[in-house]
Amino acid sequence: MNAPSTAQPKIGFNDLLRFVLELFAIVTLGIFGFTAFPLPWPGVLIGIGAPLFAILLWALFRSPKAVFAVDPFVKALVEIAVFSSAAIAWWVMGQPIVAIVFAVVAAVSGVINGRREFSA
C-alpha cells in the first residue's frame with residue numbers, strides 16, 4: 001500500500017538564492033544601523049528596528065505564508081523596498097561594489113521569480 005502523496009512545492013535554485021538574499025538584506029540593515037549611526041542612540045534603535053521592520057514587511061506581504069494575500073505587484077513593491085534599502089545601505093557605508101552586485105543579483109532573481117508568479 002502506498003501512502004497518499006501530498007504535493008510538495010518544488011524548491012529550485014532561485015528559491016534558495018532568494019532566501020539567501022533576504023537574509024543578507026536583513027543582516028545588512030542591522031549592520032547599517034549599528035555602524036552608520038552614533039551609538040547608543042540612534043544606532044541601537046536603527047540597528048534593531050530596521051531589520052525588524054523589514055522582517056515585518058516581508059512576513060505580512062511577501063512570504064509564502066504571508067498574513068495578507070496581496071496582488072503580485074504589491075509583493076514586488078515590498079521586495080524592491082527591502083532589497084533596495086539593503087543596497088543603498090551598502091552604498092552609504094562606502095561599499096559600492098557590494099551594493100551593485102547585491103542589487104543586480106536581487107533584481108535578476110526578482111525578475112525570474114516574477115515571471116514564474118505571473119505565469120502560474
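Residues numbered from 1 in each chain as written. Predicted model: local features only at pLDDT ≥ 70, side-chain atom pairs only at ≥ 80, totals over all residues. Heavy atoms only, no water.

## Topic: the layout of surface pockets
In this structure, the largest pocket spans a volume of roughly 630 Å³. What lines the largest pocket is a set of 20 residues, among which Asp15, Arg62, Ser63, Pro64 and Arg116 lie closest to the centre. The set of elements that each furnish at least two residues to the lining of the largest pocket consists of helix 1 (13-36), helix 2 (43-62) and helix 4 (96-119). By residue number, the principal contributor to the lining of the largest pocket is helix 1, which donates 5 residues. What the second largest pocket holds in volume is close to 280 Å³. Looking at the second largest pocket, it is lined by 19 residues, and the ones nearest its centre are Ala76, Glu79, Ile80, Ala106 and Gly110. (1 Å grid on protein atoms, 1.4 Å probe; cavity = no way out; pocket = protein on both sides within 12 Å on 5 of 7 lines; lining within 4 Å. Points joined across faces, edges and corners; volume = space filled by probe spheres on them. Helix = DSSP H or I, 4+ residues; strand = E, 2+ residues; numbered from the N terminus.)

## Re the packing of aromatic side chains
Summed over all chains, the structure comprises 6 aromatic pairs. Between phenylalanine 24 and tryptophan 90, the aromatic rings sit 5.9 Å apart at their centres with planes inclined by 15°, giving stacked as the arrangement. Remark: tryptophan 90 occurs in helix 3 (residues 72-92) and phenylalanine 24 occurs in helix 1; sequence separation between them is 66 residues. Under the relative-accessibility criterion, phenylalanine 24 is labelled partly exposed at 34%. Relative accessible area serves as the criterion here: at 14%, tryptophan 90 is assigned to the buried category. The interplanar angle of 85° and the centroid separation of 5.7 Å between the aromatic rings of phenylalanine 83 and phenylalanine 102 together place this pair among those described as edge-to-face. Of this pair, phenylalanine 83 sits in helix 3 while phenylalanine 102 sits in helix 4, and the two are 19 residues apart along the sequence. Here phenylalanine 83 and phenylalanine 102 have matching classes, each one buried. (Phe/Tyr/Trp six-rings, centres within 6.5 Å; stacked < 30°, edge-to-face > 60°. Buried < 20%, exposed > 50% of the residue type's maximum accessible area, 1.4 Å probe, protein only.)

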